[in-house]
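Residue-level listing of the chains:
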Amino acid sequence: MQSTIYYKPSTSHNFQLPWKSTKNPAFKTSRLSSKIPTLTNSLRPQITFDLEGGANDGFRPSNPVKLPVLIQRHGKVSRYFWDGSRVRLLSVDGDGVEGGGSRVPFCFDLDKVVEASSLAIRNFFIPKQVSENYIGYVKWKFLHRVFSSALQVLATQAMFRAIGIGYSRSLTSAAALNWVLKDGLGRLSRCIYTASLASAFDTNLKRVRFTTSMLFTFSIGVELLTPVFPHQFLLLASLANIAKQMSLACYMATSPPIHRSFAIADNLAEVSAKSQIQSVCFDNLGLMLAAILNMLLKNNQRLQTGLPFILYPIFSAIDLFGIYQGLKHVHLQTLTKDRLEIIIDSWISSGYVPSPEEVSKDEEINFMWSKGKEPLRIRIGCLNPKAQLSKLSVMTMQSVSNEDHYFICTEIFYRGLAKTREQGILLCIREGARMADVIMGLLQACNVRKALRSSMWESTTKASDSSDLILKEWFKLIDDSKRYVQQQFGPLNEQMMVRGWALKNILLNTEEQTRYSYMDD
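Each chain carries its own residue numbering, running from 1 in the direction its sequence is written. Where totals are concerned, whole chains, interfaces and linings use all residues; where local detail is concerned, this predicted model gives features only for residues with pLDDT of at least 70, and gives and counts side-chain atom pairs only at 80 or more. Working from all heavy atoms in the structure, the side-chain values ignore hydrogens and water.

S.K.: Looking at this model, I keep getting lost on the environment of Lys128. Mind explaining?
M.R.: Only runs of H or I of at least four residues qualify as helices and only runs of E of at least two qualify as strands under DSSP, and these elements are numbered from the N terminus. One can find Lys128 in the loop between α2 (110-125) and α3 (134-163). A residue is classified by how much of its surface remains accessible, and Lys128, at 70% relative accessible area, is exposed. With 136 residues separating them in the primary sequence, Lys128 and Ile264 have C-alpha atoms 9.9 Å apart. The criterion used for residue contact is that any of the two residues' heavy atoms lie within 4.5 Å. With residues up to four places along the chain from it excluded, the contact list for Lys128 reads Asn123 and Glu270. Buried, partly exposed and exposed residues are distinguished by accessible area as a fraction of the type maximum, computed with a 1.4 Å probe on protein chains only: under 20%, between the cut-offs, and over 50%, respectively.

S.K.: Where do I start with the nonpolar core in this structure?
M.R.: It is characteristic of soluble globular proteins that their nonpolar side chains tend to be buried jointly. Only buried residues count toward a nonpolar core. Its members are Ala, Val, Leu, Ile, Met, Phe, Trp, Tyr and Cys residues joined through side-chain atoms within 4.5 Å. Residues Leu335, Leu492 and Met496 are the most contacted members of the largest nonpolar core, which totals 40 residues. The set of elements that each furnish at least two residues to this core consists of α10 (337-350), β7 (378-380), β8 (406-415), β9 (420-430), α13 (435-452), α15 (468-498) and β10 (502-507). The dominant element in this core, judged by the number of residues it contributes, is α15, at 10 residues. Excluding residues within four positions of it along the chain, Leu492 makes contact with Ile343, Ile344, Trp347, Val353, Ile439 and Leu443.

S.K.: Honestly, the side chain of Ser481 in this entry has me stumped. Any pointers?
M.R.: Tracing the sequence through the fold places Ser481 in helix α15. Apart from the residues within four sequence positions on either side, Ser481 is in contact with Gln444, Asn447 and Val448.

S.K.: Even after reading the chapter, I still don't get the packing of aromatic side chains, so can you show me in this structure?
M.R.: Any aromatic ring pair is given by two values, namely how distant the centres are and how the planes are angled relative to each other. Pairing of aromatic rings covers Phe, Tyr and the six-membered ring of Trp, with a centre-to-centre limit of 6.5 Å; geometry is then stacked below 30 degrees between planes, edge-to-face above 60, and tilted otherwise. For the coordinates displayed, the defined rule picks out 10 aromatic pairs. A centroid spacing of 5.5 Å and a plane angle of 70 degrees characterise the contact between Phe210 and Tyr324, whose relative ring orientation is edge-to-face. Remark: Tyr324 occurs in helix α9 (residues 301-328) and Phe210 occurs in helix α6 (residues 205-224); sequence separation between them is 114 residues.

S.K.: Sorry, what's going on with a nonpolar patch on the surface here?
M.R.: Without a salt bridge and with relative accessible area above 30%, a residue can belong to a patch; like charges are then joined within 9 Å and nonpolar side chains (Val, Leu, Ile, Met, Phe, Trp, Tyr) within 5 Å. Residue burial considers only the protein chains on display, and all accessible areas are found by Shrake-Rupley using a 1.4 Å probe. A side-chain nitrogen of Lys or Arg and a carboxyl oxygen of Asp or Glu constitute a salt bridge if their distance falls within 4 Å. On the surface, a nonpolar cluster with roughly 490 Å² of combined accessible area is contributed by Phe142, Leu285, Met288, Ile292 and Leu296. With 4 residues, helix α8 (residues 268-296) is the largest single contributor of residues to the nonpolar patch. Considering the arrangement of structural elements, one finds Met288 in helix α8.

S.K.: Sorry if this is basic, but what is going on with the confidence of the model for the chain here?
M.R.: Think of pLDDT as the predictor's per-residue confidence, scored from 0 to 100. Across the chain, pLDDT averages 78, with 73% of residues at or above 70. Residue range residues 1-59 is modelled with pLDDT below 50. Its contacts to residues more than four positions away, or to other chains, number 76 contacts. Taken together, the stretch residues 95-106 has pLDDT below 50 and engages in 21 contacts with residues farther than four places along the chain or on a different chain.

S.K.: What is the right way to read the packing of α8 against α9 from this model?
M.R.: Each packed pair of helices is defined by two parameters, the angle between the axes and the distance between the axes. Closest axis-to-axis distance for the α8/α9 pair is 11 Å, and the angle between their directions is 140 degrees. Taken together, the axes of α8 and α9 lie oblique to each other. By crossing handedness, the relation of α8 to α9 is classed as right-handed. On α9, the residues touching Leu289, Leu293 and Asn294 of α8 are Gln304, Leu307, Leu311 and Phe315. Every axis in this analysis is a line fitted to C-alpha atoms, fitted for helices over the stretch in contact. Angles between the N-to-C directions lie between 0 and 180 degrees. To sort the angles, those under 35 degrees are grouped as roughly parallel, those over 145 as roughly antiparallel, those from 65 to 115 as roughly perpendicular, and the leftovers as oblique. Should the near helix be turned anticlockwise from the far one by less than a right angle, the crossing is termed left-handed; should it be turned clockwise, right-handed.

S.K.: Would you explain the side chain of Arg79 in this entry?
M.R.: With respect to the helices and strands, the residue Arg79 is situated in strand β3 (residues 76-82). Between N or O atoms, a polar contact is any pair within 3.5 Å; within protein, one atom must be a potential hydrogen donor and the other a potential acceptor, and residues adjacent in sequence are included only when both atoms are from side chains. At 2.9 Å, the side chain of Arg79 and the backbone oxygen of Leu67 are in polar contact.

S.K.: What is the right way to read the state of the cysteines from this model?
M.R.: Here, the word disulfide means a covalent bond between the sulfur atoms of two cysteines. The disulfide criterion is simple: two cysteine sulfur atoms within 2.5 Å. Counted according to the given criterion, the structure contains 0 disulfides. Of all cysteine sulfurs in the structure, the one in Cys428 sits closest to Cys382, which takes part in no disulfide; the separation is 4.9 Å.

S.K.: How should I be thinking about unusual backbone geometry in this particular structure?
M.R.: Most peptide bonds take the trans form, and the phi angle of most residues other than glycine is negative. Although it is not a glycine, Asp266 adopts a positive phi angle of roughly 60 degrees. Structurally, Asp266 is set in the loop between α7 (233-262) and α8. Owing to a relative accessible area of 76%, Asp266 belongs among the exposed residues under this scheme.

S.K.: In this structure, what is going on with the packing of α3 against α7? I would like to understand it.
M.R.: Taken N-terminus to C-terminus, the directions of α3 and α7 make an angle of 165 degrees; their axes are 14 Å apart at the nearest point. When the axes of α3 and α7 are compared, the pair comes out roughly antiparallel. Of the two possible hands of crossing, α3 and α7 adopt the one that is left-handed. The segment α3 lies against α7, with Tyr134, Tyr137, Arg145, Met159, Ala162 and Ile163 engaging Phe233, Ala237, Tyr251, Ile258 and Phe262. Its residues assigned to classes, the contact of α3 with α7 shows 10 nonpolar, no polar and 1 charged. For this classification, the nonpolar set comprises Ala, Val, Leu, Ile, Met, Phe, Trp, Tyr, Cys and Pro, the charged set comprises Asp, Glu, Lys and Arg, and every other residue, Gly included, is treated as polar.

Listed below in structure tokens is the structure:
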């Protein structure tokens, strides 16, 4: 629709436009100043927009005056022109008016249509200011949501068959009660799960997200079994709903940090809104896929009944693959113990601080129980009195002073069903320690681990950890590592800021938040 600024000069005033020359060079200032109040009241400009392709009289000025203002909107560039009587907003080609002052005849251009369509789709689904890896995340999200939605349709149909919908018998009160019970048990389990695993949503976001996604896929498989065992409907439906509610709780808890990692202009609300649009559209495509499959097999009830069991392994594999690949495009800038440990190990070995994207590639996205299987793992927390304490640990605690904000010692733990004896490093943080103290403590612990992995330490620590030689070497190692921290902490902290890491806080789980207090008896 065309919008124009109409200017109708009053016949009672000789007002000249600033870009037009006046015929009388000796223009009197007194005359102009005396007419300004009347002229201001007489001007009544009407402002509208003259968009390309809008409905107007089709007039294109042959020699318009270009105004130094351009508008870029929806992939088109327009410029303001003054034709002597009104201001127009016209599409421009290069630096001139499109068509050289005449109306351009309609010409179908497939490339422009495709470009305009893709731009419209992008603006509909993608926020305006997001990081470069967001497009890759949305592509894998599309694959995940479509096949996950199709699986849910097939699972719902299976549950309806299990309780009698679609057959001659009607939905009884017992079936309705079973449905209510399985929903209630699922919500109760969701509350328990969320309360017990709240801190892990931040510290192990990707791992928890992928693990619960596998749990959600498993729940769909359980729902598909309800027609096979209709008398065990309540048990199977309750198990499936418990897994679904746990997965839903994880999805809702981890979505804001994921969206925040993409929002580069603090446009978190826009990213969240676009995410909902994507989910709705992708899920509808999954519904259409399931509906098409049912329509194709509507005349073959036997094949239609067995279709979910055929498609379940295929769709589940595609669904989980999409989730796994999508999480690789999520680059979180917040610091956790695992991410900080990757950064410090890289700094110690090569003097280089990796970016969030590089650390994201090294982060493990796997089962939670596979975490921490590396030799000489570093743990943040406090000593377990039920475990076997070495003399090194006791002597280290005795050497703690009031000036220390943390201390480092060794610990012995047993892993797996075979109770394999292994040695680890423990970082104990004092109450009231700052974020810098935590970084310095982990930097020192990683430096100590590098020394302990040497051949000399492996042979001596396995032989005996209570000899005077070992105690002397241990405290020498602690002193050397402290000096290393004092030299390297400043450059490390500066490089972390340059690489885009958020240094306001370190996200720690419940165990890692345990602190000790110093008491001088």
